[in-house]
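If you want the building blocks of each chain, they are given just below.
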Amino acid sequence: AFYDEKGQPLAPPISPPRETQPTFERAVPPYTGFGTEADSLTSCVGSLVQTAPKKVLGEDRTLRYMGRLDSEVAEDIGREFVLQYFLVDNTLAI
């Protein structure tokens, strides 16, 4: 187009040689006898860097309340209780 109009034709295009991607094969090491064979194979697959466990909202939180029994029975007068509410699973301990 432009170069042909100016009387300077281009040389034929040159294509660079295509490099083939190297293939990597993982060789499974022999079983050492420690733990199970599945444990040994997991160390050969993927990354050895373990991820930290996910935090659960309210996992380390509890609500504690003091309670006193309102009763006319002589044994129950002055009896106190601790109510503990666990936020992680919405349970109550007395």
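Residues numbered from 1 in each chain as written. Predicted model: local features only at pLDDT ≥ 70, side-chain atom pairs only at ≥ 80, totals over all residues. Heavy atoms only, no water.

Chemist: It is not clear to me how the overall build of the chain should be interpreted in this structure. Could you clarify?
Modeler: Regarding its fold elements, the chain presents 2 helices and 3 strands. Of the regular secondary structure in the chain, the N- to C-terminal order runs α-α-β-β-β. Relative to its length of 94 residues, the chain is extended, with a C-alpha radius of gyration of 37 Å against a globular reference of 12 Å. Over its C-alpha atoms, taken along the principal directions, the chain stretches across nearly 115 × 55 × 15 Å. (Helix = DSSP H or I, 4+ residues; strand = E, 2+ residues; numbered from the N terminus. Rg over C-alpha atoms; globule rule 2.2 N^0.38 Å.)

Chemist: What is the right way to look at the pattern of salt bridges in this model?
Modeler: Two side chains of opposite charge can pair, provided their charged atoms sit close to one another. Enumeration according to the criterion identifies 3 salt bridges in this entry. Where arginine 61 meets aspartate 60, a salt bridge forms, and the shortest distance between an N and an O atom there is 3.7 Å. Considered together, arginine 61 and aspartate 60 belong to a single accessibility category, that of exposed residues. Arginine 68 is the partner of glutamate 80 in a salt bridge, and the nearest nitrogen-oxygen pair spans 3.0 Å. With glutamate 80 in strand β2 (residues 80-86) and arginine 68 in strand β1 (residues 62-68), this residue pair connects regions lying 12 residues apart in the sequence. (Salt bridge = Lys/Arg side-chain N within 4 Å of Asp/Glu carboxyl O. Buried < 20%, exposed > 50% of the residue type's maximum accessible area, 1.4 Å probe, protein only.)

Chemist: Can you help me understand the pairing of β2 in this one?
Modeler: Side chains on a regular strand alternate between the two faces of the sheet. Where β1 meets β2, 7 bridges bridge the pair, whose relative direction is antiparallel. Each bridged residue has a counterpart across the sheet, and for methionine 66 the counterpart in β2 is valine 82. As defined by bridge partners, β2 adjoins strand β3 (residues 91-93) across 3 bridges and the pair is classed as antiparallel. Bridged to glutamine 84 within β3 is alanine 93. As consecutive antiparallel partners, β2 and β3 are separated by 4 residues, and within that stretch asparagine 90 has a phi angle of approximately 55 degrees, a positive value. (Pairing = 2+ DSSP bridges.)

Chemist: Teacher, can you tell me more about the packing of aromatic side chains here?
Modeler: Under the counting rule described, the total for this entry stands at 1 aromatic pair. Measuring from centroid to centroid gives 5.6 Å for phenylalanine 2 and tyrosine 3, while their planes differ by 80 degrees, and the two rings are edge-to-face. Relative accessible area serves as the criterion here: at 52%, phenylalanine 2 is assigned to the exposed category. (Phe/Tyr/Trp six-rings, centres within 6.5 Å; stacked < 30°, edge-to-face > 60°.)

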